[in-house]
Amino acid sequence: MPLDPPDRPPVVAAADAPTAVLPPVPLLEPVRPVIPARPVQPPAEPAPVPAPVHAPAAPAVFRPLFVDAPGLNWAGPGDRWSDAWGVRTPAGQLPAAPVAAALPAAGQAGPVDRPLTARDIELVRAGLAAVEPVADRATAHFYALLFLRHPELRSFFPAAMDAHRDRLFRTLLAVVREIDRPVALRAMLAGLGRDHRRYGTLAGHYVAVEECLVGTLARYAGERWDAEAESAWRRAYRMVSSTMIEAAEEDARTSPPWWQGEIVRHERRTRDVAAITVRPDQAYPFRAGQYAALETPWWPRVWRHYSFAAAPRPDGLLTFHVKAVQAGWVSNALVHRAAPGDVLRLGPATGSMTVDHAAGPDLLCLGGGTGIAPIRALVEEAVAHGASGRRVEVFYGARRAEELYELAALRELAAPHPWLTVRPVLSGGGAAGGLLTGELPEVVGRFGPWAGREAVLSGPPAMVHRGVGVLVRAGVPAERIRHDLVGDLAGG
């Protein structure tokens, strides 16, 4: 089912203009939503719904606040994207059982439902290795089968499908790589299962995917494909899908699949960077250092990941920093087109770049460009908790001085706290006013050694990869270096 799609639109926003006008979007004319009045009090944190003892827990009912906004990007019948693909089935319901087979009921194991053996794993890996040289054709064939047999599923995907196919195969490779490591595999699959809730994925959809996947492998695996290989793949797939379904159902007991969020403030920090503040329609739990997927009304089913640029606060508002990148659908829409009153859709918070401020070693933070957003949130959180005897050092990098748009705010946070140090770094030359010069990772390395520190990195993937190497050589244990590479996930 859908992974986060690529971001390769046919139009590039002008780089030198202070604003850029995106071309009209087919099917989704820009309509300014009518937003209800702002609530007097922020939404209360919902209490977890305990599972009944003798019956499966019912999913939590998601009751959006913004029910009167005509521009909302709802999923399912009545949403213009689904209507464009001819979906006329009741909300959340498959039109018919796609195949005779179904996922096994609890306690009903058949020949393809027994645990995986070493031989099964060998066959699965051999089959995927046989398909890998023709992965482009195989994944294109898979989606052709899926949409031909189940056209109702087309609206679950974005308009552009080219690199989306690549992500499917990379996910298969990742799953097969971990298939003999059950703990790591279960953690990966649980995250995917929870993540797919925002697309409206249902248990029945996994059956359709299984049949199309098996059909694709039968066509492209060549001599590696026989009855034994098919049974092994079906066992592996049903283990994968049951884990994802279980995680999604567990998550549904306490969390909606997505939140609606009204933009209440849109501030341009540079020519191509905007700070966007959003008011969610329900309490939104997250930690500083995490990130969330956002979807705009203008590009349905296209989700992009952005880090929270502020720690959780009493008013419940969320802030994101967005840079309009070349050929970026979502980023250009958020920077150049979005305005207060527009409504976005948010997936749940995720990411491992969080910090225990109650204890731990001194903290070293590297933030490049808009990667300073989660660093700023972590610094705010550290200030709120107090130093607890630890030092926090922040290296903030950009090419030009005007791109250090958060420097003044960080210095203001640091002024009353001697345990907090902020060091700006310019890689484009022309430094003044005590700014350091050079590539951010190398500058950090010059200030080492950093033995015993805990480190977090956020920014362009190339900077993060170089930074990890520099920090390891400077004495930071690899297990104490954390990053989420949101830039890779965002894509625009």
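Residues numbered from 1 in each chain as written. Predicted model: local features only at pLDDT ≥ 70, side-chain atom pairs only at ≥ 80, totals over all residues. Heavy atoms only, no water.

Scanning the chain from N- to C-terminus turns up 13 helices and twelve strands. Out of the 492 residues belonging to the chain, those deemed buried represent 52%. Relative to all contacts within the chain whose residues are 6 or more apart in sequence, the contacts with residues 24 or more apart total 78%. Of the roughly 21900 Å² of accessible surface on the chain, a fraction of 57% belongs to carbon and sulfur atoms. (Helix = DSSP H or I, 4+ residues; strand = E, 2+ residues; numbered from the N terminus. Buried < 20%, exposed > 50% of the residue type's maximum accessible area, 1.4 Å probe, protein only. Contact = heavy atoms within 4.5 Å. Areas by Shrake-Rupley, 256 points an atom, 1.4 Å probe, with all protein chains shown as cover.)

Pairing in this open sheet of six strands is parallel, and the strands run E10-E9-E8-E7-E11-E12 from one edge to the other. The open sheet terminates on both sides in strands that have one partner only, identified here as strand E10 (436–437) and strand E12 (481–482). By the bridge criterion, five bridges tie strand E7 (residues 363–368) to strand E11 (residues 454–458) in an arrangement that is parallel. Opposite Leu363, over in E11, you have Glu454 as the bridge partner. Packing against the sheet, helix H9 (residues 372–385) makes contact with E7, strand E8 (392–398), strand E9 (420–426) and E11, and its axis sits at approximately 150° to E7. (Pairing = 2+ DSSP bridges. Axes fitted to C-alpha atoms, helices over the stretch in contact; angles between N-to-C directions.)

Okay, the confidence of the model for the chain next. Per-residue confidence for the chain gives a mean pLDDT of 80; residues scoring 70 or more make up 74%. The spread of mean pLDDT over the elements of the chain runs between helix H13 (residues 486–490), the lowest at 49, and strand E5 (residues 318–323), the highest at 97. Contacts of residues 2–36 to residues separated by more than four positions or lying in other chains number 104 contacts, the stretch itself having pLDDT below 50. Scored below 50 in pLDDT, residues 44–62 shows 21 contacts in the model against residues more than four places distant or in partner chains. (pLDDT = per-residue confidence, 0-100.)

Cis geometry is adopted by the peptide bond preceding Pro449, which originates at Gly448 and carries an omega value of 5°. Although it is not a glycine, Arg301 sits at a positive phi angle of roughly 65°. In this structure, Arg301 sits in the loop between strand E3 (291–295) and strand E4 (303–307). When its relative accessible area of 3% is taken as the criterion, Arg301 is described as buried. A positive phi angle is found at Ala327, which is not glycine, with a value near 60°. Structurally, the position occupied by Ala327 is in the loop between E5 and helix H8 (329–337).

On to H8, then. Most of H8 is tucked away, with nine of its nine residues classed as buried. When H8 is considered as a whole, its buried residues turn out to be Trp329, Val330, Ser331, Asn332, Ala333, Leu334, Val335, His336 and Arg337. Where H8 is buried, its residues meet strand E1 (259–268), strand E2 (273–280), E3, E4, E5 and strand E6 (343–346).

With that out of the way, let us pick up the sheet that holds E3. The strand order E4-E3-E6-E1-E2-E5 describes an open sheet built from six strands, whose pairing is antiparallel. Looking at which strands have only one partner, the edges of the open sheet turn out to be E4 and E5. Direction aside, the axes of adjacent strands within the sheet are offset by 40° on average. Examined bridge by bridge, E3 and E6 share two bridges and lie antiparallel to one another. Looking at E6, one finds that Leu294 is bridged to Leu346.

This part takes up the nonpolar core. Among the nonpolar cores identified, the biggest contains 43 residues, and Phe142, Tyr143 and Leu146 are the most heavily contacted of them. When contributions to this core are tallied by element, the ones reaching two or more residues are helix H2 (118–131), helix H3 (135–149), helix H4 (162–177), helix H5 (182–195), helix H6 (203–220) and helix H7 (227–252). If sequence neighbours within four positions are ignored, Leu146 has contacts with Pro151, Leu153, Phe157, Ala208, Val209 and Cys212. With 28 residues, the next largest nonpolar core counts Cys365, Ala382, Ala398 and Tyr405 among its residues. (Core = buried A, V, L, I, M, F, W, Y, C linked by side-chain atoms within 4.5 Å.)

Moving on, we get to the packing of H2 against H7. Two numbers describe how H2 lies on H7: the axes approach to 9 Å, and their chain directions differ by 100°. Regarding the angle of H2 to H7, the classification is roughly perpendicular. Residues Arg119, Asp120, Leu123, Val124, Gly127 and Leu128 of H2 form the contact with H7, whose own contacting residues are Glu228, Ala229, Ala232, Trp233, Arg235 and Ala236. (Parallel < 35°, antiparallel > 145°, perpendicular 65-115°, else oblique.)

Now for the pattern of salt bridges. What the rule picks out here adds up to 29 salt bridges. Taking the shortest distance from any N to any O, the salt bridge between Glu406 and Arg269 comes out at 2.4 Å. Separated by 137 residues along the polypeptide, Glu406 in the loop between E8 and helix H10 (407–414) and Arg269 in the loop between E1 and E2 bring together distant segments of the chain. For Glu406, a relative accessible area of 2% corresponds to the buried category. The class for Arg269 is partly exposed, based on a relative accessible area of 31%. Note that Glu295 is salt-bridged to Arg345, the shortest N-O span being 2.7 Å. Separated by 50 residues along the polypeptide, Glu295 in strand E3 and Arg345 in strand E6 bring together distant segments of the chain. (Salt bridge = Lys/Arg side-chain N within 4 Å of Asp/Glu carboxyl O.)

Attention now goes to empty space enclosed by the protein. For the structure shown, the criterion picks out three cavities of 30 Å³ or more. Quantified by volume, the largest cavity comes out at close to 380 Å³. Lining the largest cavity we find 22 residues, and of these Thr171, Leu172, Tyr237, Val240 and Met244 sit closest to its centre. Looking at the lining of the largest cavity, the elements that each hand over two or more residues are H4, H5, H6 and H7. (1 Å grid on protein atoms, 1.4 Å probe; cavity = no way out; pocket = protein on both sides within 12 Å on 5 of 7 lines; lining within 4 Å. Points joined across faces, edges and corners; volume = space filled by probe spheres on them.)

Moving on, we come to H3. Count 3.6 residues to each turn of an α-helix, and residues three or four apart come out pointing the same way. Relative to the 21 Å expected for 15 residues at 1.5 Å per residue, H3 spans 21 Å between its end C-alpha atoms, a close match to the ideal helical length. Along H3, the positions that sit buried rather than exposed are Ala135, Ala138, Thr139, His141, Phe142, Tyr143, Leu145, Leu146 and Phe147. (Expected span 1.5 Å × (residues − 1).)

Turning next to the pairing of E6. In E6, alternate side chains face the same way, and those of Val343 and Arg345 on one face and Leu344 and Leu346 on the other are all buried. Pairing of E1 with E6, which is carried by four bridges, proceeds in the antiparallel orientation. Its bridge partner being in E6, Gly261 is matched across the sheet by Leu344.

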